[in-house]
Amino acid sequence: MNREDFNFLKQDVIYFDNGATTLKPYILADNISDYYNNYSANAHRGDYDISLKVNAKVAETRDLVKDFINANNSSEVIFTSGATDSLNKIVFGYFRDYLKENDEVLLTKSEHASIVLPWFELADELNLNINYIPLDNDLKVTMDNVIKSITPKTKVIALSHITNVVGDIRPIKEIIEYAHKNGIIVLVDGAQSVPHMKVDVQDLDIDFLAFSAHKMCGPTGLGILYGKEKYLNNIKPIIFGGGMNASFEFDGTRLYKNNPSLLEAGTPNIAGIIGFGEIIKYLNNIGMDNISLYEKKLRNYAINRLKEISDIIIYNENSDSGIITFNKKNIFPQDLSLYLNKHNICVRAGSHCAKILKDDLGIKNTCRISLYFYNTKEEIDKLVSLLKNTNILDEII
Ligand SMILES: Cc1ncc(COP(=O)(O)O)c(C=O)c1O
């Protein structure tokens, strides 16, 4: 779908690393260069027309994001530098005050470093207990296991909507409903879900959500922190400076603004925000439901084709997203990715930042293809024909 929108795709390269970052359509660079060339003033700093135009553009993107995830209010949408930044701001800005010694935080072992490590740090600081919801044989999170893992001390569940290695879509709505009945707040890492499916924060009743623009055709260096107003009213900034204060005096008295400004100290990534606004419109035009349906069909096609190869081990055959994790028997995954690279195919090899999944997965390193709406069956066919080669090692030595 929409391949003509991407300059990158004019090359003879097959890009299957969309979980890491996606390709960018022309409109992104066009809008960013329009800002830098024609109206590159700061936001919230001037009373002249050009600065006011910048303010309006930033506000427009915030509104677009609000509608895209169906937030209740634009002030619940905070611009950050990425999902990692959003997650850190939530963990340290909200939960540092909310939690106390011996409270329990539930994670899973397939989470990304960007959600696990902030929790490890806060757990050390506050003496929290981190526990893990067990994964089933398909490496999925089931409601049964969520229910079994909750204790009276559980205060937070923090997990991805879709994981970046196994690509399983978690039953987020049910998890949140059950958690809320037990007074538990749920932090959702939407880095791999928001780009690929409709995520409606009100329908799912999400408390906190984090995601990155660059994984959904947008610019690098920009992410979103969504939080329900009632939580954002009690969040503290972890970065201080211009833009977030209303006043300060020589004796240290200071008055801070409300959100979204409170969590957006310093000059924001204006060019990125403006570009991202166009990307939200672009994705809306394609339709998020069309994107997820297309990816699902392409995934099924890829799984069926990969299963033709007897020495390919697929680790997540029963997942639903466009992420497929596999190995070829007796070949180190990095060697396999180097071989594919020689044939202009980009795949990811390694532990994919989910370093504590290795026990459940039964292996430390894998190859991963992660699809997006511009990938095609023909690209999968090319991959499969290369993987059928029985002399791969000869090629890379
Ligand atoms: C599930 C998940 N969470 C968080 C992140 C971090 O995103 P970023 O590096 O854009 O901050 C990633 C990136 O791969 C991810 O896949």
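Attention now goes to the overall build of the protein. Across its full length, the protein holds 14 helices and 15 strands. Radius of gyration (C-alpha) of the protein: 22 Å, near the 21 Å computed for a compact globule of 397 residues. Along the first, second and third principal axes, the C-alpha atoms of the protein reach 75 × 55 × 35 Å. Intrachain contacts of the protein at a sequence separation of at least 6 include 71% that bridge at least 24 residues. As displayed, the protein has an accessible area near 16900 Å², and 48% of this comes from carbon and sulfur atoms. Placing the 43 positive and 51 negative side-chain charges of the protein at their respective mean positions leaves the two points 2 Å apart.

Right, let's get into the packing of helix 10 (residues 288-306) against helix 13 (residues 377-387). One way to put it is that helix 10 packs onto helix 13 with a least axis distance of 10 Å and a crossing angle of 20°. With respect to each other, helix 10 and helix 13 are oriented roughly parallel. The two elements helix 10 and helix 13 cross, and the hand of that crossing is right-handed. Seen from helix 10, the contacting residues are Leu298, Tyr301, Ala302, Arg305 and Leu306; seen from helix 13, they are Lys377, Ile380, Asp381, Leu383, Val384 and Leu387. Per-class residue counts for the contact of helix 10 with helix 13 are eight nonpolar, no polar and three charged.

Time to look at the domain arrangement of the protein. The domain architecture assigned to the protein consists of domain 1 (3-25 + 287-396) and domain 2 (26-285). A separation of 28 Å is found between the C-alpha centroids of domain 1 and domain 2. Domain 1 puts 38 residues into the contact, and the matching count from domain 2 is 40 residues. Regarding the contact of domain 1 and domain 2, the summed buried area is about 3200 Å², with carbon and sulfur atoms giving 55% of it.

Once that is clear, we can look at the site of the ligand. Neighbouring residues of the ligand: 13 residues in total, closest Thr84, Asp189, Ser212, His214 and Lys215. For the ligand, an oxygen atom lies 3.4 Å from a polar atom in the backbone of Ala83. Taking Asp189, its side chain carries an N or O atom lying 2.5 Å from a nitrogen atom of the ligand. Protein coverage of the free-state accessible area of the ligand, which is 390 Å², stands at 86%. Tallied by class, the residues present in the shell around the ligand amount to two nonpolar, nine polar and two charged.

Tallied over the entire structure, the rule returns 19 aromatic pairs. When the ring of Tyr94 is compared with that of Tyr231, the centres are 5.5 Å apart and the planes differ by 80°; the resulting orientation is edge-to-face. Placement of Tyr94 in helix 3 (residues 83-98) and of Tyr231 in helix 8 (residues 229-232) is noted, with a sequence separation of 137 residues between them. For the pair Tyr94 and Tyr231, one class covers both residues: buried. Cluster of aromatic residues (ring-pair linked, three or more members): Tyr94, Phe95, Tyr98, Trp119, Phe208 and Tyr231. One residue, Lys109, lies across the ring of Tyr132, its end atom 5.7 Å from the ring centre.

Here we come to the sheet that holds strand 11 (residues 312-314). Here four strands make up an open sheet; going across it, the order is 11-12-15-14 and the pairing antiparallel. The open sheet has two edge strands with one neighbour each: strand 11 and strand 14 (348-350). Mean inter-strand twist for the sheet, computed between neighbouring axes without regard to direction, equals 30°. Pairing analysis gives three bridges linking strand 11 to strand 12 (residues 323-328), with the strands arranged antiparallel. Bridged to Ile312 within strand 12 is Lys328. The strands touched by helix 10 are strand 11 and strand 12; relative to strand 12, the strand with the most contacts, the crossing angle is about 10°.

About the thresholds
Residues numbered from 1 in each chain as written. Predicted model: local features only at pLDDT ≥ 70, side-chain atom pairs only at ≥ 80, totals over all residues. Heavy atoms only, no water. Helix = DSSP H or I, 4+ residues; strand = E, 2+ residues; numbered from the N terminus. Rg over C-alpha atoms; globule rule 2.2 N^0.38 Å. Contact = heavy atoms within 4.5 Å. Areas by Shrake-Rupley, 256 points an atom, 1.4 Å probe, with all protein chains shown as cover. Lys, Arg positive; Asp, Glu negative; His and termini not counted. Charge placed at Lys NZ, Arg CZ, Asp CG, Glu CD. Axes fitted to C-alpha atoms, helices over the stretch in contact; angles between N-to-C directions. Parallel < 35°, antiparallel > 145°, perpendicular 65-115°, else oblique. Left-handed = near helix turned anticlockwise from the far one by under 90°. Nonpolar A, V, L, I, M, F, W, Y, C, P; charged D, E, K, R; others polar. Domains from an automatic or database assignment. Buried area = accessible area lost by both parts, 1.4 Å probe. Near = heavy atom within 4 Å. Polar contact = N/O pair within 3.5 Å; in protein donor to acceptor, adjacent residues only side chain to side chain. Phe/Tyr/Trp six-rings, centres within 6.5 Å; stacked < 30°, edge-to-face > 60°. Buried < 20%, exposed > 50% of the residue type's maximum accessible area, 1.4 Å probe, protein only. Lys NZ or Arg CZ within 6 Å of the ring centre and 35° of its normal. Pairing = 2+ DSSP bridges.

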